[in-house]
Amino acid sequence: MTNAIVGFITKAETTHQLTKPEIVQLLSDDTINDALFAAADRVRKKYVGDAVQLRALIEFSNYCRQNCCYCGLRRDNDKVDRYRLEPETIVEFAKNAAGMGYKTVVLQSGEDMSFTVDKMVSIISKIKKLGVAITLSIGEKSYDEYKAYREAGADRYLLRIETTNRELYKKYDPDMDFDNRVRCLKDLKSLGYELGTGSLIGLPGQTFEDMAGDILFFGEIGADMIGMGPFIANPDTPLAAAEGGTYTTAIKMLAIVRLLMPDINIPATTAMETLTPEGRLVALKSGANVVMPNVTDADHRSKYNLYPGKARLADSPFRSIASVREKIESIGRFVSEDFGYRIKTK
Ligand code: SAH
Ligand code: SF4
């Protein structure tokens with residue numbers, strides 16, 4: 001552990017700024033990990049406190065028109081048993097979540113074109129009446145669609161940039177365009193959504209420079225939430241044989257993001273838990289302050305296979321809030337009672 005690198009941690013903790021080469025050095029040196037995680041935990045406590053925000057995740061359709069090479073839901077994967085929930089079922093799941101005490105419902109799906117603007121607006125309006133905040137994670141849409149959803153009551157939007165290395169983006173998101181994804185993020189921001197983005201950690205060919213670039217991008221785009229997770233190879237995709245990202249690198253990215261963007265919301269993601277038992281709890285102690293329990297029924301959840309191992313995770317949606325609460329309290333934290341909007345301090 002060299003003094004220079006320890007100095008970067010101190011600098012990040014006090015000024016919330018690092019250069020790209022400094023981030024690369026932190027990512028490359030594993031002797032500083034404990035100091036890095038401890039600093040991120042202190043900054044988390046100082047800026048967002050001990051409350052953990054819970055968001056109820058509903059995976060409402062696994063149809064997707066896109067063909068992202070890393071993802072199990074990609075259009076060309078004919079091994080997927082495709083489903084889409086009826087609008088009434090989605091609202092019913094949201095009602096159950098609200099009844100359990102969740103203050104936010106996250107609606108996630110592949111890019112399923114059968115959910116027209118009118119259909120989505122109707123679902124969003126009905127869920128909004130339940131008195132919860134709504135997060136959407138339904139992919140790339142036009143400005144007008146984003147506007148319609150916002151006016152219907154959607155508060156937040158999650159759209160990961162996935163990687164800011166344009167070459168890799170082109171390779172792994174063959175039908176998509178990097179500039180259009182950035183356009184989406186800017187549109188969402190301008191419409192007043194709380195903006196969530198993030199990236200995959202450990203895509204084949206991705207370097208620490210690329211990851212440092214991702215972190216700087218998050219700041220530039222004005223993100224309010226950052227969701228990151230290790231890339232986990234899915235056997236039914238072109239990246240089946242890839243090694244995948246490591247838990248350690250993912251959690252280091254999380255910690256650095258907390259140091260540089262101290263007041264944002266950062267989830268401890270399911271992909272982290274998939275690689276390491278209790279991985280989400282460790283993430284909560286390394287800068288994270290959000291958990292997104294899955295409240296989709298087990299049958300559909302098992303078909304929403306972005307990557308292997310994901311489905312086995314959550315237990316019954318109706319029991320999980322109690323077990324999540326217990327785990328959160330076991331590390332000296334508590335479940336937030338409010339909507340969990342970002343409270344900007346800088
Ligand atoms: N279709 C929407 C939302 C569903 S995908 C969208 O793409 O925005 C949600 C996230 O799952 C993606 O952003 C991606 O980062 C993640 N994901 C997909 N395949 C993965 C894999 N193999 N390992 C880890 N995360 C993956
Ligand atoms: Fe579709 Fe999202 Fe998977 Fe890409 S990452 S294939 S857009 S579900």
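In the block above lies the structure referred to throughout.
Residues numbered from 1 in each chain as written. Chains lettered and ligands numbered in written order. Predicted model: local features only at pLDDT ≥ 70, side-chain atom pairs only at ≥ 80, totals over all residues. Heavy atoms only, no water.

Draft legend 1. Main features of the overall build of the chain. A tally of helices and strands in the chain yields 14 helices and 11 strands. Since a compact globule built from 346 residues should have a radius of gyration of about 20 Å, the 19 Å found for the chain is in line with a globular shape. Considered along the principal axes of its C-alpha atoms, the chain spans approximately 60 × 40 × 40 Å. Looking at the 346 residues of the chain, the share that counts as buried comes to 58%. Excluding contacts between residues fewer than 6 apart, the proportion of contacts in the chain whose partners are at least 24 apart in sequence is 76%. If you average the places of the 46 positive and of the 47 negative side-chain charges in the chain, the two averages end up 3 Å apart. (Helix = DSSP H or I, 4+ residues; strand = E, 2+ residues; numbered from the N terminus. Rg over C-alpha atoms; globule rule 2.2 N^0.38 Å. Buried < 20%, exposed > 50% of the residue type's maximum accessible area, 1.4 Å probe, protein only. Contact = heavy atoms within 4.5 Å. Lys, Arg positive; Asp, Glu negative; His and termini not counted. Charge placed at Lys NZ, Arg CZ, Asp CG, Glu CD.)

Draft legend 2. Here's a closer look at the site of ligand 2. With respect to spatial proximity, the complete set of residues near ligand 2 consists of Cys64, Gln66, Cys68, Tyr70, Cys71, Arg74 and Gly110. Of the residues belonging to the shell around ligand 2, the class tally is 4 nonpolar, 2 polar and 1 charged. (Near = heavy atom within 4 Å. Nonpolar A, V, L, I, M, F, W, Y, C, P; charged D, E, K, R; others polar.)

Draft legend 3. Highlighting the nonpolar core. Within the largest apolar cluster, 105 residues are counted, with the highest numbers of intra-cluster contacts made by Leu107, Met120, Ile127 and Leu136. Here this core takes 10 residues from helix α10 (residues 247-260), the largest share from any one element. Setting aside residues up to four positions removed in sequence, Ile127 forms contacts with Ile90, Val91, Ala94, Val105, Leu107, Val132 and Ile134. (Core = buried A, V, L, I, M, F, W, Y, C linked by side-chain atoms within 4.5 Å.)

Draft legend 4. Region of interest: the environment of Phe208. On the secondary structure map, Phe208 appears in helix α9 (residues 208-221). Among the residues examined, Phe208 registers a relative accessible area of 27% and is labelled partly exposed. Residues Phe208 and Gln25 lie 183 residues apart in sequence; the distance between their C-alpha atoms is 8.6 Å. In contact with Phe208, not counting residues within four places along its chain, are Val24, Leu27, Ser28 and Thr249.

Draft legend 5. The packing of aromatic side chains, seen in detail. Considering all chains together, one arrives at 5 aromatic pairs under this definition. Between Phe60 and Phe115, the ring centres sit 4.8 Å apart and the planes meet at 80°, which makes this aromatic pair edge-to-face. On the criterion of sequence distance, the pair formed by Phe60 in strand β2 (residues 56-61) and Phe115 in the loop between β3 (104-109) and α5 (117-128) is long-range, its members being 55 residues apart. Each member of the pair, Phe60 together with Phe115, is buried. Arranged with centres 5.0 Å apart and planes meeting at 75°, the rings of Tyr146 and Tyr157 form a pair that is edge-to-face. (Phe/Tyr/Trp six-rings, centres within 6.5 Å; stacked < 30°, edge-to-face > 60°.)

Draft legend 6. How the structure looks around the packing of helix α4 (residues 87-100) against α5. For the pair α4 and α5, interaxial distance at closest approach is 10 Å and the crossing angle is 25°. Judged on the interaxial angle alone, α5 and α4 are roughly parallel. Like other packed secondary-structure pairs, α4 and α5 cross with a definite hand, here right-handed. Where α4 abuts α5, its residues Pro87, Ile90, Val91 and Ala94 lie against Lys119, Ile123, Lys126 and Ile127. A class-by-class count of the residues in the contact of α4 with α5 yields 6 nonpolar, no polar and 2 charged. (Axes fitted to C-alpha atoms, helices over the stretch in contact; angles between N-to-C directions. Parallel < 35°, antiparallel > 145°, perpendicular 65-115°, else oblique. Left-handed = near helix turned anticlockwise from the far one by under 90°.)

Draft legend 7. Inspection of the sheet that holds strand β1 (residues 51-54) at higher detail. Within the open sheet, the 3 strands sit side by side as β10-β1-β11. Their pairing is parallel. In the strand order of this sheet, the two ends are held by β10 (290-291) and β11 (334-335), each with one partner. Examined bridge by bridge, β1 and β10 share 2 bridges and lie parallel to one another. Within β10, the residue paired with Gln53 across the bridge is Val290. (Pairing = 2+ DSSP bridges.)

Draft legend 8. Main features of the site of ligand 1. As a matter of local geometry, ligand 1 sits amid 17 residues, with Tyr70, Ser109, Arg160, Glu162 and Ile232 nearest to it. Take Ser109: an N or O atom from its main chain is 3.0 Å from a nitrogen atom of ligand 1. The contact in question runs from an oxygen atom of ligand 1 to an N or O atom on the side chain of Arg160, over 2.8 Å. Burial of ligand 1 by the surrounding chains reaches 93%, relative to a free accessible area of 540 Å². Among the residues forming the shell around ligand 1, the class breakdown is 10 nonpolar, 4 polar and 3 charged. (Polar contact = N/O pair within 3.5 Å; in protein donor to acceptor, adjacent residues only side chain to side chain. Areas by Shrake-Rupley, 256 points an atom, 1.4 Å probe, with all protein chains shown as cover.)

Draft legend 9. Region of interest: the packing of α9 against α10. Where α9 meets α10, the closest approach of the two axes is 11 Å, and the angle between their N-to-C directions is 35°. Regarding α9 and α10, the two cross each other, and that crossing is right-handed. On the side of α9, the interface is formed by Phe208, Met211, Ile215 and Phe218, while α10 contributes Thr249, Met253, Ile256, Val257 and Leu260. Its residues assigned to classes, the contact of α9 with α10 shows 8 nonpolar, 1 polar and no charged.

Draft legend 10. Spotlight on the sheet that holds β2. Strand order in the open sheet formed by 6 strands is β2-β3-β4-β5-β6-β8, and the pairing between neighbours is parallel. Looking at the sheet topology across the chains shown, the edges are occupied by β2 and β8 (225-226).

Any functional reading would require information beyond the geometric quantities listed.
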